[in-house]
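# Fold and contact review
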4 protein chains.
Amino acid sequence: MIKISLPFVLINFKTYAEATGKKAVRIAKTVEKVSLETGVCIGVAPQFADIAPVVGSVSIPVFSQHIDPIIPGNSTGHVLAESIRENGAKGTLINHSERRLKLADIDAAVTRAKEVGLISVVCTNNPSVSVSATALNPDMLAIEPPELIGTGISVSKAKPEVVTDTVKLVRNVNKKVTILCGAGITVGEDVGAALRLGTEGVLVASGVVKAKYPDKVLLEFAKAVTKSERGHR
Amino acid sequence: MIKISLPFVLINFKTYAEATGKKAVRIAKTVEKVSLETGVCIGVAPQFADIAPVVGSVSIPVFSQHIDPIIPGNSTGHVLAESIRENGAKGTLINHSERRLKLADIDAAVTRAKEVGLISVVCTNNPSVSVSATALNPDMLAIEPPELIGTGISVSKAKPEVVTDTVKLVRNVNKKVTILCGAGITVGEDVGAALRLGTEGVLVASGVVKAKYPDKVLLEFAKAVTKSERGHR
Amino acid sequence: MIKISLPFVLINFKTYAEATGKKAVRIAKTVEKVSLETGVCIGVAPQFADIAPVVGSVSIPVFSQHIDPIIPGNSTGHVLAESIRENGAKGTLINHSERRLKLADIDAAVTRAKEVGLISVVCTNNPSVSVSATALNPDMLAIEPPELIGTGISVSKAKPEVVTDTVKLVRNVNKKVTILCGAGITVGEDVGAALRLGTEGVLVASGVVKAKYPDKVLLEFAKAVTKSERGHR
Amino acid sequence: MIKISLPFVLINFKTYAEATGKKAVRIAKTVEKVSLETGVCIGVAPQFADIAPVVGSVSIPVFSQHIDPIIPGNSTGHVLAESIRENGAKGTLINHSERRLKLADIDAAVTRAKEVGLISVVCTNNPSVSVSATALNPDMLAIEPPELIGTGISVSKAKPEVVTDTVKLVRNVNKKVTILCGAGITVGEDVGAALRLGTEGVLVASGVVKAKYPDKVLLEFAKAVTKSERGHR
């Protein structure tokens with residue numbers, strides 16, 4: 001398993017025009033620069049077709065945005081864990097709110113990720129679903145209240161209880177899974193708040209990708225991480 | 001629009017282990033070699049993440065296996081036409097029997113393909129669905145009776161009426177769309193038969209990818225094409 | 001096949017609280033009353049579980065909101081055409097914008113409807129998709145621009161060209177299919193306009209079900225139909 | 001909440017021809033007869049459209065095969081908990097292997113079932129998914145290895161460890177949820193074995209519905225239940 005140091009910041013490129021094709025590579029390089037300068041572990045999750053070019057251009061961890069719960073075979077148009085892994089991705093989101101999966105398929109996708117050596121980050125929408133997902137033994141969880149995604153209203157400020165309840169309930173049954181949170185994170189203070197609530201990192205998309213100056217936002221995030229970086233693994 | 005010369009042979013890599021990652025590149029090179037030697041236009045459709053490495057290694061047309069009917073935005077884990085196009089693909093399958101789409105989404109995906117300059121190949125399962133798909137104005141149709149896919153029993157021999165009915169009904173309403181057929185094609189004779197039934201090419205997967213000697217099978221296919229290459233555009 | 005006289009008005013109950021359970025029966029009785037008084041053919045499409053009680057209470061045509069493209073067998077939780085038919089429904093919507101189907105499944109569902117003697121009403125979202133759906137030989141089409149559904153802004157006024165283009169393009173290839181339109185229809189004038197644009201009826205939901213006085217709205221609709229009832233089959 | 005006495009036998013009618021329309025009512029009467037004669041609690045899960053006629057004909061508990069995670073509104077062709085409840089169902093299957101749901105939707109469907117007073121039976125495919133589902137607080141779980149469904153090879157004999165692991169892992173985190181098992185159950189001995197493995201009932205489909213003499217099979221099941229009926233709630 002690849003080492004991701006905590007706290008971990010993961011930038012989801014979604015299918016934003018600002019992070020597609022050549023622009024995916026460009027923004028990944030910006031992320032890498034901030035990561036190298038600050039020592040904070042920051043990963044990126046570009047679109048499937050952009051994984052290889054991004055991996056070829058930067059040394060930070062690259063994630064897929066999704067894998068299908070399939071083994072090699074007759075699955076035209078699906079996303080095979082092996083193809084993601086062979087092209088250099090270190091991990092994958094599973095069950096993002098924009099790509100929800102059936103329960104049995106999350107289970108199978110987490111298993112497939114383990115089999116090929118991808119870090120699995122299962123996204124969830126509330127505390128009870130987070131506990132439910134934990135039972136499937138993913139490497140990481142990312143709790144994101146869907147109603148806040150893309151709003152610029154930070155989960156760590158608008159719904160801190162969703163984060164603290166998730167941390168409390170999940171830790172009751174599992175000490176190992178890494179807990180991230182996301183939704184509406186746009187400034188350093190949102191990241192600091194997320195870490196103070198007990199998470200070990202954040203999942204961010206538009207807050208960085210659609211920012212006027214992504215490098216400035218990333219630097220702010222990294223500073224917030226560095227500031228809080230005590231008492232964490 | 002990129003020129004594809006007819007008859008056209010399109011090799012679908014599906015998610016076969018034999019055509020994933022480095023092996024996708026290797027088999028694409030074999031395809032390119034046969035195409036250059038014989039002058040027959042042969043394209044490949046690797047997995048999303050393998051598109052960039054394959055495009056970087058060969059000069060034959062590369063297709064995606066699927067695109068989603070989305071515009072740039074909040075669509076984590078989906079396949080944006082632009083990302084496929086920017087990574088060098090020339091076209092895309094839409095609605096393959098292993099990745100069926102809703103009718104309104106096929107319409108939107110064909111439109112998206114046109115907008116970014118991707119050749120659209122809509123897959124269909126019977127003559128009436130073929131006429132239905134034709135109304136959406138794709139560049140190509142690929143009729144494949146799903147019950148024969150992967151069987152090694154060729155559509156052109158086992159169900160020639162499916163092909164001839166499709167050609168007849170589609171030509172009634174549209175003279176321009178390129179008609180391919182597929183399912184169970186494994187030997188040169190299957191390709192020859194498909195062309196004699198009125199199609200302008202074939203869509204093949206396991207017949208090549210899982211063959212003991214893909215280069216031999218491809219050569220056979222190319223010879224069958226060359227032999228029939230009269231009276232076609 | 002059951003006779004539906006044209007122009008035809010079909011009321012979709014959706015899953016509105018105002019048309020669920022006992023209230024489905026109540027509103028169906030109101031519809032029946034107006035239909036009997038005015039002689040205009042008006043049908044209702046309640047939820048699956050409400051079909052039997054509604055059929056038991058009224059003599060107007062009852063439609064299902066959806067059927068699955070399945071034959072009897074291992075399909076827990078799906079909607080079998082036979083179960084709809086046996087409980088007295090005369091027809092079914094297929095591919096409503098809130099229950100879109102894959103293209104091959106629309107084809108199979110239309111076939112299943114024919115097999116069990118249900119009138120099929122395939123819903124579409126634009127003129128080219130309407131032509132596409134026509135190729136599958138349903139009994140009726142209902143063109144509804146999804147962006148107007150539930151808005152109270154009538155398709156017949158806001159987007160008349162969507163309706164006239166649909167009528168023109170569909171009639172080019174098929175003289176028999178009955179063409180309805182829907183979306184945003186709330187007053188009698190919307191119905192009159194729809195008929196003048198060349199349709200043979202309307203598909204309405206909230207305009208009736210969520211109206212303060214459904215009986216008044218229905219009477220208005222019926223008057224608009226009666227007024228235009230010349231030159232139609 | 002309606003009382004279901006344990007052990008509980010639930011007969012899933014699926015979309016079998018033998019249990020559609022009038023035949024759904026007939027087989028439900030057979031089930032009721034056996035239940036009344038033996039005192040064993042046996043419920044039936046007919047198709048949506050058959051719920052009202054079945055409820056009108058028998059006094060045993062009637063379940064739906066599925067509900068959608070929706071509230072009343074714009075959801076044409078979906079299954080609203082209220083419509084199921086108002087037509088007399090006492091409970092519902094959720095996430096049957098033939099109608100798998102997304103994780104967040106299982107959570108929402110269980111919540112909707114509670115809100116309207118339906119007993120929720122969440123189906124699962126393996127022990128870890130069972131623990132996962134338990135976190136969503138359904139009333140009942142039904143563990144069914146999908147590869148055995150409809151085979152006549154009983155889970156309680158072919159894969160007893162799937163059942164015992166499920167019971168053990170689920171009981172670690174939840175003492176209250178009722179645990180059923182299913183798949184391949186065709187004779188009384190299968191039911192007896194299921195109860196001895198720690199479950200509190202069974203979910204059966206073809207074993208009863210497609211039996212030559214459903215009444216005989218049901219009697220055998222009931223005897224197996226009666227025999228084991230010690231030490232249970």
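Described in the following lines is the structure provided in the data block. (Residues numbered from 1 in each chain as written. Chains lettered and ligands numbered in written order. Predicted model: local features only at pLDDT ≥ 70, side-chain atom pairs only at ≥ 80, totals over all residues. Heavy atoms only, no water.)

## Focus on the overall build of chain A
Scanning chain A from terminus to terminus reveals 10 helices and eight strands. Against the 2.2 N^0.38 benchmark of 17 Å for 233 residues, chain A shows a C-alpha radius of gyration of 16 Å, consistent with a compact globule. Projected onto its principal axes, the C-alpha positions of chain A cover 45 × 40 × 30 Å. Counting contacts in chain A only where the partners sit at least 6 residues apart, residues at least 24 apart contribute 67% of the total. Considering chain A, the positive charge centre built from 28 side chains and the negative charge centre built from 22 side chains are found 4 Å apart. (Helix = DSSP H or I, 4+ residues; strand = E, 2+ residues; numbered from the N terminus. Rg over C-alpha atoms; globule rule 2.2 N^0.38 Å. Contact = heavy atoms within 4.5 Å. Lys, Arg positive; Asp, Glu negative; His and termini not counted. Charge placed at Lys NZ, Arg CZ, Asp CG, Glu CD.)

## What to know about helix α5 (residues 127-134) of chain D
Taking burial as the measure, the eight residues of α5(D) include seven buried ones, the bulk of the element. Inspection of α5(D) places D:P127, D:V129, D:S130, D:V131, D:S132, D:A133 and D:T134 among the buried residues, and these make up the whole buried set. Residues of α5(D) that are buried in the fold lie against α4 (103-116) and α5 (127-134) of chain A together with β5 (119-124), β6 (140-143) and α7 (160-173) of chain D. At the N-terminal end of α5(D), a side-chain oxygen is found 3.1 Å from the backbone nitrogen of D:S128, two or three residues along, and the residue is D:N126. (Buried < 20%, exposed > 50% of the residue type's maximum accessible area, 1.4 Å probe, protein only. Polar contact = N/O pair within 3.5 Å; in protein donor to acceptor, adjacent residues only side chain to side chain.)

## As for the sheet that holds strand β3 (residues 63-64) of chain B
Residues and elements named next belong to chain B. The eight strands are arranged β2-β1-β8-β7-β6-β5-β4-β3 in an open sheet whose pairing can be described as parallel. Of all the strands in the sheet, just β2 (41-45) and β3 have a single pairing partner and so form its edges. Where helix α1 (residues 22-38) meets the sheet, it contacts β1 (8-12) and β2, and its direction lies at approximately 170° from that of β2. (Pairing = 2+ DSSP bridges. Axes fitted to C-alpha atoms, helices over the stretch in contact; angles between N-to-C directions.)

## Comments concerning the side chain of A:S156
All names here are of chain A. With respect to the element layout, S156 can be found in helix α6 (residues 155-158). Among the polar contacts made by the side chain of S156, one reaches the side chain of S154 at a distance of 2.6 Å. Within the local environment of S156, its side chain forms a polar contact with the backbone oxygen of D190, the two atoms lying 2.9 Å apart. The residues contacting S156, other than those within four sequence positions of it, are D190, A193, A194 and L197.

## Focus on the interface of chain C and chain B
The interface of chain C with chain B comprises 17 residues on the first partner and 17 residues on the second. Buried surface at the junction of chain C and chain B, both sides included, amounts to about 1400 Å², of which 66% is carbon and sulfur. Our count for the contact surface shared by chain C and chain B stands at zero salt bridges. One can count seven residue pairs in polar contact (both at pLDDT 80 or more) joining chain C with chain B. Where the side of chain C that touches chain B is concerned, the elements lending two or more residues are α4 (103-116) and α5 (127-134) of chain C. Here the side of chain C that touches chain B takes five residues from α5(C), the largest share from any one element. (Buried area = accessible area lost by both parts, 1.4 Å probe. Salt bridge = Lys/Arg side-chain N within 4 Å of Asp/Glu carboxyl O.)

## Some words on the relation of the copies chain C and chain B
Overlaying chain C on chain B yields an RMSD of 0.0 Å, the required transformation being a rotation through 180° with an accompanying axial translation of 0.0 Å. Accordingly, the operation relating the two chain copies is best matched by a two-fold axis. Counting the interface residues of chain C, we find that 100% of their copies in chain B are interface residues as well, pointing to one common contact surface. (Least-squares fit on C-alpha atoms with pLDDT ≥ 70 in both.)

## What to know about the interface of chain B and chain A
Across the contact, 36 residues belong to chain B and 36 residues belong to chain A. Carbon and sulfur atoms make up 53% of the area that chain B and chain A hide from each other, which totals about 2900 Å². Counting across the interface, chain B meets chain A through zero salt bridges. At the junction of chain B with chain A, the criterion picks out 24 residue pairs in polar contact (both at pLDDT 80 or more). For the side of chain B that touches chain A, the secondary-structure elements that each account for two or more residues are α2 (51-55) and α3 (81-86) of chain B. A total of four residues in the side of chain B that touches chain A trace back to one element, the largest contributor, which is α3(B).

## Examining the relation of the copies chain B and chain A
When chain B is fitted onto chain A, the two copies agree to an RMSD of 0.0 Å after a turn of 180° and an axial shift of 0.0 Å. Of the residues that chain B buries at the interface, 100% are likewise interface residues in chain A, meaning the two copies contact each other through the same surface.

## What to know about the packing of aromatic side chains
Residue and element names in this part refer to chain A. Considering all chains together, one arrives at six aromatic pairs over all chains under this definition. Seen from their ring centres, F8 and F63 are 5.7 Å apart, and the 35° between their planes marks the pair as tilted. Placement of F8 in strand β1 (residues 8-12) and of F63 in strand β3 (residues 63-64) is noted, with a sequence separation of 55 residues between them. In terms of burial, F8 and F63 fall into one category: buried. In this structure, K216 is placed above the aromatic ring of Y213, and the distance from its NZ or CZ to the ring centre is 5.0 Å. (Phe/Tyr/Trp six-rings, centres within 6.5 Å; stacked < 30°, edge-to-face > 60°. Lys NZ or Arg CZ within 6 Å of the ring centre and 35° of its normal.)

## Overview of the pattern of salt bridges
Counted by the stated rule, this structure contains 36 salt bridges over all chains. The salt bridge involving A:E200 is made with A:R171; its shortest N-O contact spans 3.0 Å. One end of the pair, A:E200, is in the loop between α8 (188-196) and β8 (201-204); the other, A:R171, is in helix α7 (residues 160-173), and 29 residues separate them in sequence. Judged by its relative accessible area of 18%, A:R171 falls in the buried class. Salt-bridge contacts for B:K14 lead to B:E98; the nearest nitrogen and oxygen are separated by 2.8 Å. You can see B:K14 sitting in the loop between β1 and α1 and its partner B:E98 sitting in the loop between β4 (91-94) and α4 (103-116), a full 84 residues away along the chain. Taking relative accessible area as the criterion, B:K14 reaches 2% and is therefore assigned buried.

## Comments concerning the environment of B:A19
Residues and elements named next belong to chain B. Looking at the secondary structure, you find A19 in the loop between β1 and α1. When the C-alpha atoms of A19 and A45 are compared, they prove to be 9.9 Å apart, with 26 residues separating the residues in sequence. Residue contacts for A19: discarding those within four places in its chain leaves F13, A24, I27, Q47, D50 and V209.

## Brief notes about helix α8 (residues 188-196) of chain D
All names here are of chain D. Within α8, seven of the nine residues are buried, leaving the element largely enclosed by the surrounding structure. Of all the positions in α8, only G188, D190, V191, G192, A193, A194 and L195 are classed as buried. Packing partners of the buried residues in α8 comprise α6 (155-158), β7 (178-182), β8 (201-204) and α10 (214-228). Directly beyond the C-terminal end of α8, a positive phi value near 110° is found at G198.

## A look at a positive patch on the surface
A contiguous patch of positive charge on the surface is contributed by A:K102, B:K102, C:K102 and D:K102. If you trace the backbone, B:K102 turns up in the loop between β4 and α4. The partly exposed category is assigned to B:K102, whose relative accessible area is 36%. (Patch = residues over 30% accessible without salt bridge, like charges linked within 9 Å, V, L, I, M, F, W, Y side chains within 5 Å. Areas by Shrake-Rupley, 256 points an atom, 1.4 Å probe, with all protein chains shown as cover.)

## Topic: the nonpolar core
In this structure, A:I11, B:I11, C:I11 and D:I11 are the most contacted members of the largest nonpolar core, which totals 281 residues. Apart from the residues within four sequence positions on either side, C:I11 is in contact with C:V31, C:I42, C:G43, C:V44, C:A45, C:V204, C:V208, C:V209 and C:L218. (Core = buried A, V, L, I, M, F, W, Y, C linked by side-chain atoms within 4.5 Å.)

## Digging into the sheet that holds strand β5 (residues 119-124) of chain A
All names here are of chain A. Spatially, eight strands are ordered β2-β1-β8-β7-β6-β5-β4-β3 in an open sheet, and the strand pairing comes out parallel. Looking at strand neighbours, the two that pair on one side only are β2 (41-45) and β3, the edges of this open sheet. The pairing of β1 with β2 spans five bridges and is classified as parallel. Each bridged residue has a counterpart across the sheet, and for L10 the counterpart in β2 is G43. Its contacts with the sheet place α5 against β5 and β6 (140-143), and it is angled at close to 165° to β6.

## Focus on the arrangement of the chains
Across all C-alpha pairs, the smallest distance from chain A to chain C is 15 Å, and the two are not in contact. One finds no contact linking chain B with chain D; the least C-alpha distance across the pair is 15 Å.

## Let's talk about the state of the cysteines
Evaluated as defined, the whole model comprises zero disulfides over all chains. There is no disulfide at B:C123, and the cysteine sulfur nearest it, in B:C181, is 12 Å away. Given a relative accessible area of 1%, B:C123 falls into the buried group. This cysteine, C:C41, is not joined by any disulfide, and C:C181 carries the nearest cysteine sulfur, 16 Å off. (Disulfide = S-S within 2.5 Å.)

## Quick look at the packing of α1(B) against helix α10 (residues 214-228) of chain B
All names here are of chain B. Packing of α1 against α10 leaves a shortest axis separation of 10 Å and a crossing angle of 35°. The two elements α1 and α10 cross, and the hand of that crossing is right-handed. Every residue of α10 that contacts α1 at I27, T30, V31, V34, E37 and T38 is listed here: P214, D215, L218, L219 and A222. Class assignment for the residues of the contact of α1 with α10 results in seven nonpolar, two polar and two charged. (Left-handed = near helix turned anticlockwise from the far one by under 90°. Nonpolar A, V, L, I, M, F, W, Y, C, P; charged D, E, K, R; others polar.)

Honestly, it's all geometry; don't read function into it.
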